[in-house]
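# Architecture and fold: a report
Here are the chains, one letter per residue:
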Amino acid sequence: MKIFSLKFLACASLWLAPVISMMAQSYTFSTLAGTAGIQGGADGNGAAASFNNPYGIAIDNAGNVYVADTGNNIIRKIAISGGVGAVSTLAGTAGVSGTNDGMGGQAQFNQPAGIAADSMGNLYVADTGNHTIRKIVISSRMVSTLAGKPGESDYPNMGPPIFPNLGPAVPGSDARFGHPHGVACDGAGNVYVADTENHAIRKITNNPVTGLGMVTTVAGGLPGGASSQNSNDGVGTNAGFNAPYGIAVDGLGTLYVADELHGLIRKIIIDPATGLGTVTTLAGKGLLANPAAVAVDGMGNVYVADQGNSVIRKISNGQVTTVAGTLGQGGSTDGVGTDALFASPYGIAVDGSGNLYVADTRNNTIRLGKPLFTLTTSNATIDGCGSTCCPTNVVMFTTDPNYSWTAVSDSSWLHVLDPSGTGSGTVHYSVDPNTTMGPRTGTITIAGQTFTVTQVIMHCSFLLQPLTFSIHPPLPPSDFAQSTIGCDGTPVAVKVVTREDTDSCCPWTAIVTTGGTWLRILYGTQSGQGNGIFVAYAYPNTTGTNRTGTITVGNVQFVVTEEGCHCSYKISPSGITHNRGAFDTWFHVEASCGCNWTAVASDPWIHLANSSGTGNDLVEFGVDAAMQDRSGTITVEGQTFKINQAKGTSSGTGGTTGGGGGVSRYFYPVLEISGPVSHWNNGDTRHD
């Protein structure tokens, strides 16, 4: 019978410790205990100890290593000190097989293959040849049978598996297994079993009162059943396995299974309502050869003892890489990465520091793999302010003094300042301000290890000075020069004050949120970073009713209230008297609030150069030469400009004066804006 096991670092509580993810990481492997090519059951330090086809391997909270020494029918303990493993026998007697429960050497096993450690000081053993699951209290070395009956395989009465939706769970003493190889446990004390010859995954719910468990089937089925030996993904019995050997569980309760004869790694998510598992294929499909064991770290990276290829594999984000060994080449050489060689490794475990422990089965040794390059800085969550305000950040790591490394960022906002180097050291990095709508994540890959940087959004708040501004209509036309700021579009400056310690990094934009087209922000002042000023101005309000607009910076509003302006008008001078020839001239119109106005002449002999305008402006006009005295008016919004013209005769282009018979030239008198009505006499006219 072919047996092998799997280990998952310890029960799930151990997986909650932070572990640095290592993608395409190289390991330096050494021999922790045993000597390649020497088979035996001797206790001792390092090479003085011996093993006989060790399969399963586990680690407890204290860093002690436990081995299912399958060929010796015993459970071994390795206490590591100074890099040396001190091997002792925890339970069983080397070379003696049996089914007895008991303390230490009184207990007996029959080809134990799988082993797992929980956080409460207990070990669980897949006692493969006895078809049982055993429990060992480490402190007392007391061994008991948790589930199954020695010597009896398969399900009760050779009947169908007991599923939660088909019947009650089976008490541990009534449950039957078929050469179980893998065992794992979660943080709640549940034990999971790779029931190899039944092609099923089982769950044992531990009863702390009786010490016995209730057994259910999570996925898979009996030999010859609908789900037997196929590789179908699915739920419960609809999923298939072919000799599942290794099993592991992560901190979320997700199971990972080495589906040995299919050459696949399967993933199982258990529905807490039904107890059934949804099975998917994580990796394999021609990449693996009879994978025997799996382990999972706190970052969700899965490690595989690919025993058919004699290599150690890693699955991260669905990608399979080789971290140690050379495909198809057996051996016992210690070394780095592919220089290290193995001979059909059947057990694997990973600790909270990322160290790998391998049961190198055919070499009869226990191997220890230490990351060649180890990040000593945990993944970072940093402020959103950016490098212009925040100090430069740093990643620290250790490695061999002669090891050359490179550091690369995967994000445009995450900048590596030390892109390469040799030996242990640091990589400095900086970030841009995070002005996005939410947190963002980037990675820096150093020597194959990934360091994750999560940057929260920039938390900026602002104060506006002032918060409000009122625009009043102008005073009566007689005091027009005293009109209030804003009525004629005069701008007002608003100070933006950032409230954060990192104020110089806080970007802002001033936006007119209400007010339509009458409220504006002066071009070039609409945005800034840190403390600054934007300039707002409003067009005159000629509606006659009040109106309100807002300009928003961040979550703060600047409120502008503009009172309605009732248009009023004034002209100056109020009239003109002319007693000679033709002439052109003008008068001033003053309109409050930039109001529109229209000029209308009373007679056709009065000619307007411009008949309308906005706000303050001139009305330019001319008159024809008069054959007799006459009067006319120009009216601007109820204001009347009077024109008195004396009799004259029309001659040629310019006309003639009444007395001298010569040709009169047009003239353009200059009018003052203020003062009484102007009277121009004959002396104002020049004659040739």
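Fair warning: this is a prediction, and the values are worked out from it, not measured in the lab.

### Description of the overall build of the protein chain
On a plain count of helices and strands, the protein chain comes out with 0 helices and 57 strands. Counting only residues that meet the buried cut, the protein chain has 51% of its 688 residues in that class. Pairs at least 24 apart in sequence give 55% of the contacts found in the protein chain among residues at least 6 apart. Accessible area of the protein chain: about 27,900 Å², with a carbon and sulfur share of 51%.

### Topic: the packing of aromatic side chains
Counted by the stated rule, this structure contains 11 aromatic pairs. Consider the rings of Tyr-27 and Phe-29, whose centres lie 6.2 Å apart with planes at 45°: the pair is tilted. A relative accessible area of 2% means that Phe-29 is categorised as buried. Here the aromatic rings of Tyr-55 and Tyr-346 are separated by 4.6 Å at their centres, their planes lie at 40°, and the arrangement is tilted. Linking Tyr-55 in strand β3 (residues 54–59) with Tyr-346 in the loop between β26 (335–336) and β27 (347–350), this pair joins segments that are 291 residues apart in sequence. This pair shows no difference in class: Tyr-55 is buried, exactly as Tyr-346 is. Between Arg-76 and the ring centre of Phe-51, over which it is positioned, the NZ or CZ distance is 4.9 Å.

### Overview of the sheet that holds strand β34 (residues 414–416)
The sheet built from 4 strands is open, its strands ordered β30-β32-β36-β34 with antiparallel pairing. Bordering the open sheet on either side are β30 (373–375) and β34, each of which pairs with just one other strand. Going across the sheet, the axis of each strand differs from the next one's by a mean of 30°, ignoring polarity. In this structure, β34 lies alongside strand β36 (residues 425–431), joined through 3 bridges in antiparallel fashion. Looking at the pairing, His-415 lines up with Ser-430 of β36.

### What to know about the environment of Trp-586
The residue Trp-586 is located in strand β50 (residues 583–591) in this model. For Trp-586, a relative accessible area of 23% translates into the label partly exposed. On a C-alpha basis, the gap between Trp-586 and Ile-576 in space is 9.8 Å, while along the polypeptide they are 10 residues apart.

### Comments concerning unusual backbone geometry
With an omega dihedral of -5°, the bond running from Ser-572 to Pro-573 counts as a cis peptide bond. Topologically, Pro-573 is positioned in the loop between β48 (569–572) and β49 (575–578). Although it is not a glycine, Asn-73 adopts a positive phi angle of roughly 60°. Note on placement: Asn-73 falls in the loop between β4 (65–69) and β5 (74–81). Positive phi, normally seen in glycine, also occurs at Arg-141, with a value near 60°.

### Some words on the confidence of the model for the protein chain
Here the protein chain averages 80 in pLDDT, and 80% of its residues register 70 or above. Scored below 50 in pLDDT, residues 156–167 shows 25 contacts in the model against residues more than four places distant or in partner chains. This stretch, residues 649–688, has a pLDDT under 50; its non-local contacts, to residues over four places away or in other chains, come to 71 contacts.

### A few points about the side chain of Asp-69
Secondary-structure assignment places Asp-69 in strand β4. A relative accessible area of 0% places Asp-69 in the buried class. Among the polar contacts listed, one links the side chain of Asp-69 to the side chain of Arg-76, at a separation of 2.7 Å. Those residues in contact with Asp-69 that sit more than four places away from it in its chain are Gly-40, Ser-50, Phe-51, Asn-52, Asn-53, Pro-54, Ile-74 and Arg-76.

### Brief notes about the pairing of strand β13 (residues 182–185)
Side-chain alternation along β13 places Gly-182 and Ala-184 on one buried face and Val-183 and Cys-185 on a second face that is also buried. Across 4 bridges, the pairing between β13 and strand β14 (residues 191–195) is antiparallel. Considered in β14, the bridge of Cys-185 is made with Val-191. Taking the residues between adjacent antiparallel strands as the criterion, β13 and β14 are bridged by 5 residues, where Gly-189 takes a positive phi near 90°.

### Brief notes about the sheet that holds strand β31 (residues 380–382)
Strand order in this open sheet of 5 strands is β31-β38-β37-β33-β35, and the pairing throughout is mixed. A single partner strand is all that each edge strand has here, and the edge strands are β31 and β35 (420–422). Taking the axes of each pair of neighbouring strands and ignoring which way they run, one obtains an average angle of 20° across the sheet. For strand β33 (residues 404–409) and strand β37 (residues 440–446), the ladder comprises 3 bridges, and the chain directions are antiparallel. When the bridges of β37 are listed, Ala-407 appears paired with Ile-446.

What counts as what
Residues numbered from 1 in each chain as written. Predicted model: local features only at pLDDT ≥ 70, side-chain atom pairs only at ≥ 80, totals over all residues. Heavy atoms only, no water. Helix = DSSP H or I, 4+ residues; strand = E, 2+ residues; numbered from the N terminus. Buried < 20%, exposed > 50% of the residue type's maximum accessible area, 1.4 Å probe, protein only. Contact = heavy atoms within 4.5 Å. Areas by Shrake-Rupley, 256 points an atom, 1.4 Å probe, with all protein chains shown as cover. Phe/Tyr/Trp six-rings, centres within 6.5 Å; stacked < 30°, edge-to-face > 60°. Lys NZ or Arg CZ within 6 Å of the ring centre and 35° of its normal. Pairing = 2+ DSSP bridges. Axes fitted to C-alpha atoms, helices over the stretch in contact; angles between N-to-C directions. pLDDT = per-residue confidence, 0-100. Polar contact = N/O pair within 3.5 Å; in protein donor to acceptor, adjacent residues only side chain to side chain.

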